[in-house]
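# Structural description and commentary
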Amino acid sequence: MGLCWPRPGAASSSGVTDGEIVLGMSAAFSGPSRGLGIELFRGASAYFEHVNRQGGVRGRRIVLRTYDDGYQPDPSVKNTMTLMLEDEVFSLFGYVGTPTVTRVLPMLKKFQERRIYLFFPFTGAQPQREPPYGDFAFNLRASYRQETAGLVQNFVGIGRKRIAVFYQADAYGRSGWAGVRRALKPFGERIVGEATYRRGSKFTGIMRDQVEILKAARPDAVICIGAYAACAAFLRDAVDLGLRVPIANVSFVGSENLLNLITQGRDDGKRYTELLVNSQVVPSYHDVAIPAVGQYQELMARYDPQPPRELLREDYTPFSHSFVSLEGFLNAKVMVEILDRLGDRPERSALQDAVFSIRDFDLGIGELVSFGPERRQGLQKVYYTVVDEGRFIPLDSWKDRFG
Amino acid sequence: MKIQLADMKIQKLFRKTLFGVFFLFGVIGVSTSVLCIYTVDTHLSEEYESNSRDIAKTIADASVDILLNRNLTALQSLIDQFVEIQGISYIYITSETGEFLAHTFVPGIPEEIRTGDPTSTVTVERSLPGMGDFVEVASPILVGVAGAVHVGMDTGLVALKVQRAIGQQVYLISIIFVVGILAAIWLVGQASRPVDGVLAFAVKLARDRKADSKGSEKLLARNDEAGELARLFLHFSRAMDRDKAGGIPQPDPKG
């Protein structure tokens with residue numbers, strides 16, 4: 001009879017042992033978008049490390065098992081198979097990218113009896129927010145639909161109605177493109193021009209063709225749905241070829257990586273950034289008056305988390321702070337709260353109820369986090385930032401800056 | 001001088017034979033290659049077009065729910081997977097009003113496609129600047145009321161496959177040609193050797209009728225046309241000697 005019941009503290013579910021809870025992460029740690037995976041990992045690691053040093057979650061350390069997918073769908077699917085079937089992690093956490101996540105979602109449905117959920121992917125795309133796969137993921141950040149809607153509303157609000165889109169030729173780019181298209185509809189407007197680039201394009205690549213296509217459409221503003229290397233290349237060529245209109249990016253771009261590329265080794269960096277505006281899904285990491293930001297800065301400085309050495313194949317210099325690592329930090333904070341709510345014997349089967357029990361949870365950023373059966377996205381707010389004195393700061397007035 | 005003339009005649013015979021073999025192989029090689037080009041080109045084109053049509057239909061069938069749910073991200077993810085298939089160069093999906101809902105073009109939708117009729121599902125041949133030549137097939141979504149899927153097949157790839165098939169064909173025929181010529185030379189050489197012997201025997205008799213059959217026993221003993229011819233030459237030579245001497249011809253020792 002005693003064998004029928006797990007003894008207190010013994011392994012009670014896959015991915016959980018007496019001393020550990022194992023989470024699985026597949027992200028870009030190599031390639032032109034490696035900055036996103038590395039920074040997201042560093043932010044989450046800072047908080048997990050902090051919790052582990054304080055005894056873990058109800059006595060269990062949080063272990064983040066990581067694999068590199070280079071921001072490519074096929075490796076991402078393979079890594080997920082390994083994490084689910086071989087490593088048997090408790091849940092998936094902190095995946096990076098739309099083309100990767102959209103290919104992983106059907107696997108979660110295929111193995112749904114295992115109740116392995118994907119927590120807080122670094123993408124604002126719709127597939128993990130809607131049927132038929134929405135039930136297998138939980139999102140913290142605002143969606144691309146919300147980000148692009150905010151950008152469009154603000155541009156139209158200052159009379160910039162002719163919006164063009166530069167986007168990555170894949171599911172991520174299409175997600176943002178669809179968001180812009182949807183946001184323009186209530187204003188009776190359509191996308192006036194569009195140009196694409198291939199995923200994996202580098203900063204050294206030439207975006208002259210894309211700039212010429214968009215210039216021909218005579219836009220009032222361009223919204224970019226891409227990763228930092230390609231978007232920085234587009235910004236550089238747009239300015240060089242005289243496309244003098246505001247150029248916006250969504251949060252996925254990796255703002256600090258983009259800024260670093262566009263200004264590095266240039267005396268005239270300001271020329272390239274004065275018409276740049278990026279939407280963010282977390283507040284400014286400079287604003288230490290925000291409690292969670294203060295804690296983030298403190299823990300990043302204390303632990304200085306480094307990316308997994310075995311996954312690094314190329315040089316990368318981490319940022320002391322970034323929007324991406326702050327997002328990873330906030331993801332980890334909510335994840336710890338969920339794991340804590342599972343009690344002393346964490347079971348995958350209880351995960352969904354634990355998530356739905358989070359109502360008006362104070363994450364420390366001013367916006368309360370809530371989940372529910374009809375609300376699988378914890379945060380809704382979008383922030384807008386521009387470059388001033390070589391760093392991103394909150395945008396106060398669209399009219400003054402771009403009017 | 002007479003011997004040299006005889007040698008030249010045999011060489012001419014060789015040349016004609018070799019020319020004949022060469023000509024025959026040429027006809028076989030060209031006709032086989034032409035047939036090969038036609039067969040490979042036709043079959044490959046048909047196969048690719050058929051596959052493209054199947055893919056377009058598969059996407060069209062799979063797109064209905066996605067389109068009705070307005071999930072363009074999933075739609076893009078779907079076509080991105082199909083465009084990885086060899087020979088498929090581009091895919092685009094248009095709405096019933098002709099709006100481009102998803103596509104795989106970089107850096108943008110080509111002018112010819114943008115200004116064409118996006119609702120048409122007729123198979124067309126396209127030459128897109130900077131991209132190449134394509135055959136585009138289309139399949140309606142929900143009998144056309146929800147739009148259409150268009151799939152572009154790279155005809156350059158078909159041409160490349162045809163070239164490769166022809167190259168292999170030519171390579172094989174060249175090997176057969178070289179082996180055939182060497183075999184022809186050897187066979188003609190084998191066939192002409194007894195004729196050379198008969199010729200040499202005839203010349204020997206002409207120079208010195210007294211030489212008679214000495215040293216040519218093997219040739220005279222042959223049981224073929226060369227032996228018959230040699231014996232005939234010997235017979236005539238002896239007959240001529242007797243005519244000159246006014247004697248009665250002696251019977252041939254070999255009969």
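Data block above holds the structure.
To start, this report covers the structure provided alongside it. (Residues numbered from 1 in each chain as written. Chains lettered and ligands numbered in written order. Predicted model: local features only at pLDDT ≥ 70, side-chain atom pairs only at ≥ 80, totals over all residues. Heavy atoms only, no water.)

## Topic: the overall build of chain A
The criterion, for reference: We count a stretch as a helix when DSSP gives it H or I for four or more residues in a row; a strand needs E for two or more, and each element gets its number in order from the N terminus. As defined in this context, the radius of gyration uses C-alpha atoms, and a globule is described by 2.2 Å times the residue total to the power 0.38. Exposure classes here rest on a 1.4 Å probe applied to the protein chains alone. A residue is buried below 20% of its type maximum, exposed above 50%, and partly exposed in between. Working rule for contacts: check all heavy atoms of both residues, and any pair within 4.5 Å makes them a contact. For accessible areas, the Shrake-Rupley method is used with a probe of radius 1.4 Å. Any residue's cover is judged against the shown protein chains and nothing else. His is not counted here, nor are the chain ends, while Lys and Arg score as positive and Asp and Glu score as negative. Where a charge lies is defined by one atom per residue type: Lys uses NZ, Arg uses CZ, Asp uses CG and Glu uses CD.
Each helix and strand counted, chain A has 13 helices and 14 strands in total. Its C-alpha atoms give chain A a radius of gyration of 21 Å, near enough to 22 Å, the size a compact globule of 403 residues would have. Overall size of chain A, expressed as C-alpha extent along the three principal axes, is 75 × 40 × 40 Å. Out of the 403 residues in chain A, the part that is buried amounts to 63%. Partitioning the contacts of chain A with sequence separation of at least 6, the portion at a separation of at least 24 is 74%. On chain A, roughly 15,500 Å² of surface is accessible, and the fraction owed to carbon and sulfur atoms is 47%. Taken as two groups, the 50 positive and 46 negative side-chain charges of chain A have centres that lie 4 Å from each other.

## Some words on the interface of chain A and chain B
Where the parts come together, the accessible area they lose is often given as the size of the interface. Worth spelling out the cut-off: Salt bridges are defined as contacts in which a side-chain nitrogen from Lys or Arg sits within 4 Å of a carboxyl oxygen from Asp or Glu. As a working rule, the residues Ala, Val, Leu, Ile, Met, Phe, Trp, Tyr, Cys and Pro are called nonpolar, Asp, Glu, Lys and Arg charged, and the rest polar, with Gly in that last group.
Listed by partner, the interface residues are 24 residues for chain A and 19 residues for chain B. Taken together, the connections running from chain A to chain B amount to two salt bridges. Linking Glu99(B) and Arg181(A) is a salt bridge whose minimum nitrogen-to-oxygen distance equals 2.7 Å. For the side of chain A that touches chain B, the secondary structure elements donating two or more residues are helix H3 (98-110), helix H5 (171-184), strand S7 (193-197) and helix H6 (208-216) of chain A. If you tally residues by element for the side of chain A that touches chain B, the top one is H5(A), at six residues. Looking at the side of chain A that touches chain B, its residues break down into ten nonpolar, five polar and nine charged.

## Focus: empty space enclosed by the protein
Residues and elements named next belong to chain A. Put simply, the test is: Cavity: a set of points on a 1 Å grid over the protein atoms alone where a 1.4 Å probe fits but cannot get out. Pocket: an open set with protein on both sides within 12 Å along at least five of seven lines, its lining residues, like those of a cavity, having an atom within 4 Å of a point. Grid points are joined across faces, edges and corners, and a volume is the space filled by probe spheres set on the points. Note that the domain bounds were set by an automatic or database domain assignment.
Going through the model one piece at a time under the given rule, you end up with two cavities of 30 Å³ or more. In this structure, the largest cavity occupies an estimated 60 Å³ of space. A breakdown of the residues in the lining of the largest cavity according to their chemical character gives eight nonpolar, no polar and three charged. In this structure, the second largest cavity spans a volume of roughly 50 Å³. Along its surface, the second largest cavity is lined by Pro32, Ser33, Tyr71, Gln168, Tyr197, Arg199, Gly200, Ser201, Ala227, Ala229 and Ala230. Here the lining of the second largest cavity is composed, by residue class, of six nonpolar, four polar and one charged. Counting contributing residues, the lining of the second largest cavity receives three or more from each of domain 1 (2-141 + 285-369) and domain 2 (144-280 + 383-402).

## Here we look at the sheet that holds strand S3 (residues 124-128) of chain B
All names here are of chain B. This is how the line gets drawn: By this definition, two strands are paired if DSSP reports at least two bridges between them. Fitted lines through C-alpha atoms serve as axes, helices being fitted only where they are in contact, and the angles separating the N-to-C directions of these axes extend from 0 to 180 degrees.
Taken in spatial order, the five strands line up as S2-S1-S5-S4-S3 in an open sheet, and their pairing is antiparallel. Of all strands in the sheet, those with a lone pairing partner are strand S2 (100-103) and S3, marking the two edges. Across the sheet, the mean angle separating the axes of adjacent strands is 25° when strand polarity is ignored. Pairing between strand S1 (residues 88-94) and S2: three bridges, direction antiparallel. Bridging across to S2, Tyr92 finds its partner in His103. Sitting on the sheet, helix H2 (residues 72-82) is in contact with S1 and S2, with an inclination near 40° to S2.

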